[in-house]
Amino acid sequence: MATRITRDQIDEIIAKAGNQFASVEFVKKDGSLRKMNFRRGVTKYLRGGKSTLDGKDHLVIVYDLKAKGYRVFNKNTTKRLVVGGEEYVVE
C-alpha cells in the first residue's frame, strides 16, 4: 500500500534516500506522463559553472539512468515516487 504525502515532503524523502536508486512519475509540460529512474548525488559528469535553477525550489535535479544525463522534474506535477522500495503517492 502506498503512503500518501504532500508536495512539501518530496525533498525530505529524496534526501533520505541519499544515493539510492529511485523512480518518479510526473506530468511533463506537454501534459504527457513520464516515468524516470534516477539517482541523486551523481557528480561524475559535472563540468562546473553555475546552476540556472537558483530560486526555483519547485524543480529537482536528478541523474536519469536511462538517458544517462541530468534531468529536472517539477515537484508541482509529481504524482508518485518509489524510494527504497517504498511507494509514495503525492496528493
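Going by the structure above, here's the rest.
In this text the structure is predicted, and so the values were computed from the model without any measurement.

Asks: Any chance you could explain the packing of aromatic side chains here in plain terms?
Replies: Centre-to-centre distance and the angle between the planes together describe a pair of aromatic rings. As enumerated under the stated definition, the model contains three aromatic pairs in all. Cluster of aromatic residues (ring-pair linked, three or more members): F26, F38 and F73. Taking the ring centre of F21 as reference, the NZ or CZ of R39 above it sits at 5.4 Å.

Asks: Sorry, what's going on with the pattern of salt bridges here?
Replies: Where side chains of opposite charge bring their charged atoms close, a pairing between them can arise. In total, this model carries five salt bridges according to the counting rule given. Among the ionic pairs, E91 bridges to R4, the shortest N-O distance being 3.4 Å. Here the residue E91 occupies a position in the segment after β7 (86-90), and R4 occupies one in strand β1 (residues 3-5), the gap between them amounting to 87 residues. Residue E91 shares its accessibility class with R4, and that shared class is exposed. The partner of K75 in a salt bridge is D11, and the shortest N-O contact between them spans 2.5 Å. Placement of the pair is K75 in the loop between β5 (69-74) and β6 (78-83) and D11 in helix α1 (residues 10-17), with a sequence separation of 64 residues. A relative accessible area of 38% means that D11 is categorised as partly exposed. A single network of salt bridges, built from pairs that share partners, joins E25, R80 and E87.

Asks: Is there a simple way to explain the sheet that holds strand β2 (residues 21-27) in this structure?
Replies: Strand pairing in a sheet relies on backbone hydrogen bonds. The paired strands run either parallel or antiparallel. One open sheet accounts for seven strands, arranged β1-β7-β6-β2-β3-β4-β5; its pairing is mixed. Of all the strands in the sheet, just β1 and β5 have a single pairing partner and so form its edges. Strand-to-strand, the axes of this sheet are offset by a mean angle of 30 degrees, without reference to chain direction. Across three bridges, β1 lies against β7 in parallel orientation. Each residue of the ladder has a partner; that of T3, found in β7, is Y88. Packed on one face of the sheet, α1 meets β1, β3 (33-39), β4 (59-64), β5, β6 and β7 and runs near 20 degrees to β6.

Asks: Looking at this structure, I do not really get the side chain of S23. What am I missing?
Replies: Here S23 shows up in strand β2. In this structure S23 touches M36, N37, F38, R80, L81 and V82, once residues within four positions along its chain are discounted.

Cut-off values and rules
- Residues numbered from 1 in each chain as written.
- Predicted model: local features only at pLDDT ≥ 70, side-chain atom pairs only at ≥ 80, totals over all residues.
- Heavy atoms only, no water.
- Phe/Tyr/Trp six-rings, centres within 6.5 Å; stacked < 30°, edge-to-face > 60°.
- Lys NZ or Arg CZ within 6 Å of the ring centre and 35° of its normal.
- Salt bridge = Lys/Arg side-chain N within 4 Å of Asp/Glu carboxyl O.
- Helix = DSSP H or I, 4+ residues; strand = E, 2+ residues; numbered from the N terminus.
- Buried < 20%, exposed > 50% of the residue type's maximum accessible area, 1.4 Å probe, protein only.
- Pairing = 2+ DSSP bridges.
- Axes fitted to C-alpha atoms, helices over the stretch in contact; angles between N-to-C directions.
- Contact = heavy atoms within 4.5 Å.

These figures capture arrangement, not role.
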